[in-house]
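# Examination of the molecular architecture
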Amino acid sequence: LRLLSSLLLLALFIIVIEGTVANRVIDTHKNFIRNKSSSTMSTNGSKKRVSIQAPADAPTRSKAPPRRSMGPRQQSLPAFTPDNYSSDEDDKFFHGDKKNAAALTTTTKKKGDDDNEETTAPGSGWTNGQVPPQFTPTMTLHPYTRSGRLMLYSHHRRWINFQSSWSRIGKGTTELDAVHKESSSGQSIMTGCLIDEAKTVRALVAQLCECFYKHGWATGTGGGVSIRVGGPSENRPYRIFVAPSGVQKEDMVGDDVFELDMERNVVAPPKTPMLRQSACTPLWYVVYKRVPSAMCVIHTHSMYAQLATLLDPTEKSDVIRITHLEMLKGVGNHSYDSVLEVPIIDNRPTEDLLAEQLDAAILKYPKCNAVLVRRHGIYAWGDSWEQAKAQCESFDYLFETAVKMKGMGLDSGVVPVSGTYRDEDVEMDDGGSNSPPAKRQKTEEGPAFNGSSATNNDADLECSDKTDVPIVPRDSKVLLLDIEGTTTSISFVKDVLFPYVLKNLESYVDKMTDEMKKTTLAELIADVEALDANHVVKQMNLQHTIIDIVKALMGSDVKATGLKSLQGKMWKSGYASGELVGHIYSDFLPMLDWCKANDVKVCIYSSGSIAAQKLLFKHTEKGDITEYFGGRHFDTTSGSKKEAASYQTIASALGVTPEEVVFVSDLEAEIYAARDAGMRAVVSVRPGNAPLSVETKKEFPIVRSLLQLCGNAN
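Position labels on residues start from 1 in each chain and follow its written sequence. Where local features are concerned, this predicted model is filtered to residues with pLDDT of at least 70; where side-chain atom pairs are given and counted, the filter is 80 or more; whole-chain, interface and lining totals use all residues. As a convention, hydrogens and water are excluded, and side-chain values are obtained from all of the structure's heavy atoms.

## Concerning unusual backbone geometry
Residue Pro473 is reached from Val472 by a cis peptide bond, and omega for that bond is 5 degrees. Per the convention used, a helix needs a DSSP run of H or I reaching at least four residues, while a strand needs a run of E reaching at least two, with both numbered from the N terminus. You can see Pro473 is positioned in the loop between helix H9 (458-461) and strand S15 (478-481). Positive phi values are uncommon outside glycine, yet Asn333 reaches one of about 70 degrees. The topology assignment puts Asn333 in the loop between strand S11 (319-323) and strand S12 (339-345). In this model, Asp599 sits at a positive phi of 60 degrees, which is unusual for a non-glycine residue. Mapped onto the elements of the fold, Asp599 is located in the loop between helix H14 (588-597) and strand S16 (601-605).

Laid out in structure tokens, this is it:
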């Protein structure tokens, strides 16, 4: 016990001694900081000397040891410690504080005069140039002081501007409008000083280029910005400022920028020597002359803009379509449920050669404020630099979404089947008078000769269980394909072909001869009489006219011989005029090429008539592809697709056994019937197809692309 007591007393003694020493060290450190802060700093070789005087009631402090001068351009800053930092830095550093404003004085010594003239010049903000030199660079104080951050984010925008306020997209509209078009901005504040205006716009061009470099859009000196100011609205000529070529965009300065007039004459060259105008300049002028409202044009080499031009593996598409995304509001002239069509032009060895294509694309798609260049990038514009920047960012967001949706097996141009509000009449971009409205189905969840609606089958689109997919030509030399939900999107008939018939029915009937009307009416009446007695159509008080019967049969989703014959004739007319274009999935044509190269016969079996099948494949968005099938088309004249005997009949017609045929369809009843007949059955899963049962997903191989069927013969 005595030993333990002695140890405790010794420990207590040591603690007391250590605490005393620590307090002395802290006091010494605090005194050193106070002395250092109160010392007068002067700028060597300068004609101005700035001093900070302590308040009258401040305690007298000893001077700190003399410090070695750091030169006229480098001034030391007081160390920030818990002792001299508080929420009220103004009391310590006198930045605009009224109480201590008189303490900050600037003494100027006039040349040849020994007298000093003192002028009170309190700093009223961090960026007005009046902060004492010992606190420069002023920006270094922002991260440390509350008042500095408050001043910066309360009043000082980070972007350089030449107008009295920020431009907001949506002139004269409310925050609830679905479509935004023009910008609303302040007035120019520099028209009276053209030199200041030029300096400001040049600096803004450099700032934008640096911003786009940080986005990854202007690496390797690529991309550029052009801004136009003035014009008839301000009763003066346009001034056009363009970025130079071949400079590091993250290191650009205003002195690198050219000023031109509307004839591309150089009004003021950059101060930096040996520079050339951007290679984009001819294309910026195409936009300025074709789009009078454009005041800024941006060109970037965005990765997603480039990849968006490659979503069509054939690289023949002249447009990319995107719908039902919120950021559509950001590109101007479009709302959430609009179908945005962004034109694509082919790249050339030099950018000036793109001018003619760019001009044609702007004329064809006047609602779109951008044009994509294949394997290159994007040109985007707006009626202010803010709008052009916002739209360029929105376009890039949409392109990134489209690319990533493609990786998920989704089409950005397809109207979602659920999970979103949907008008029956989706607003379509008609692309101007030169664009036929025939391409609507390319943006829809397309074709099905059953007229089925697209449904939510997201669970089936997830790749989970591994299945044994038969491979052509290794496992089979004959491939039998369904159309709806396999080669073509599921709702093509319901959303495109059926509405076309109803829309054009009256005009089509008016053009029919009396004999054609008589024959067609007789066939339609036979269709009605063939229905069950309790069928809803038979309960209607129908007028015996072609129009009434067609609307009744189609409204009840009746598939009858006379009706299908009339529909086929009308579709033929629509395809011939170009108003209808058959939809096929992007993987279908590459699969057909593979099969042709490997001597695999591709056949079609659909509920749609053979004539309707041939029409669709003759007038696809990829052109006429009927040659790939060699006339091997089958419809319900070979039997119901839900009966095994039908598949045996088709195999016999092809001169093979059922075991030598691979059949692909999206409908479970058809898959089971084909398997019962002895064929190798594969389930096709596409967006909008009917959801599959758990049993089907366990028993049958599943493909989400027809290219999964292609492989080596070994």
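## Focus: the packing of helix H11 (residues 514-529) against helix H12 (residues 546-555)
Every axis corresponds to a line fitted to the C-alpha atoms, with the helix fit spanning only the stretch in contact, and the corresponding angles, defined between N-to-C directions, vary from 0 to 180 degrees. Running from amino to carboxyl end, H11 crosses H12 at an angle of 35 degrees, the nearest separation of the two axes being 10 Å. Considering only the axes of H11 and H12, their crossing is left-handed. Across the interface between the two elements, Lys517, Thr520, Leu521, Leu524, Ile525, Asp527 and Val528 from H11 touch Ile546, Ile549, Val550 and Leu553 from H12. Residue classes in the contact of H11 with H12 are distributed as 8 nonpolar, 1 polar and 2 charged. By the definition used in this description, the sense in which the near helix is turned from the far one sets the handedness, with an anticlockwise turn below a right angle giving left-handed and a clockwise turn giving right-handed. Any two residues whose heavy atoms approach within 4.5 Å at even a single point are treated as in contact. Ten residue types, Ala, Val, Leu, Ile, Met, Phe, Trp, Tyr, Cys and Pro, are classed as nonpolar, four, Asp, Glu, Lys and Arg, as charged, and the remainder, Gly among them, as polar.

## Examining the pairing of strand S14 (residues 377-382)
Throughout, exposure labels follow a simple rule: accessible area from a 1.4 Å probe, protein chains only, divided by the maximum for the residue type, with under 20% read as buried, over 50% as exposed, and the rest as partly exposed. Counting buried positions over the 6 residues of S14 gives 6, a clear majority of the element. Side chains Gly377, Tyr379 and Trp381 of S14 all project onto a buried face; the interleaved residues Ile378, Ala380 and Gly382 project onto the opposite face, where all are buried too. Criterion used throughout: strands pair if DSSP finds at least two bridges between them. As judged from the 5 bridges shared by strand S10 (residues 296-300) and S14, these two strands associate in the antiparallel manner. Paired with His299 across the two strands is Tyr379, which belongs to S14.

## Structural notes on the nonpolar core
Within soluble globular proteins, side chains that are nonpolar tend to cluster in buried spots. We call a set of buried residues a nonpolar core when its members are Ala, Val, Leu, Ile, Met, Phe, Trp, Tyr or Cys and they connect through side-chain atoms within 4.5 Å of each other. Leu479, Leu553, Phe588, Met591, Leu592, Phe617 and Ile625 are the most contacted members of the largest nonpolar core, which has 56 residues in total. Element by element, the count of residues in this core is highest for helix H10 (residues 492-510), at 10 residues. Those residues in contact with Leu592 that lie beyond four places of it in its chain are Val602, Ile625, Tyr628 and Phe629. Membership of the second largest hydrophobic core comes to 48 residues, among which are Phe162, Met252, Val257 and Cys368.

## What about the packing of aromatic side chains?
Stacked, edge-to-face and tilted labels apply to pairs of Phe, Tyr and Trp rings (six-membered ring for Trp) whose centres lie within 6.5 Å, assigned for plane angles under 30 degrees, over 60, and everything in between, in that order. For the structure on display, the rule yields 11 aromatic pairs. Ring plane angle 25 degrees and centroid distance 6.0 Å describe the contact between Phe395 and Phe399, whose orientation is recorded as stacked. Here Phe395 and its partner Phe399 are both found in helix H8 (residues 385-407), 4 residues apart, which amounts to about one turn of the helix. Centre to centre, the rings of Phe588 and Phe617 are 5.9 Å apart; their planes meet at 45 degrees, and the pair counts as tilted. Of this pair, Phe588 sits in helix H14 while Phe617 sits in helix H15 (residues 610-618), and the two are 29 residues apart along the sequence. Of the two residues examined, Phe588 and Phe617, each falls in the buried class. Any Lys NZ or Arg CZ that is within 6 Å of a ring centre and within 35 degrees of that ring's normal is treated as a charge sitting over the ring. The ring centre of Tyr238 lies 4.1 Å from the NZ or CZ of Arg228, which sits over that ring.

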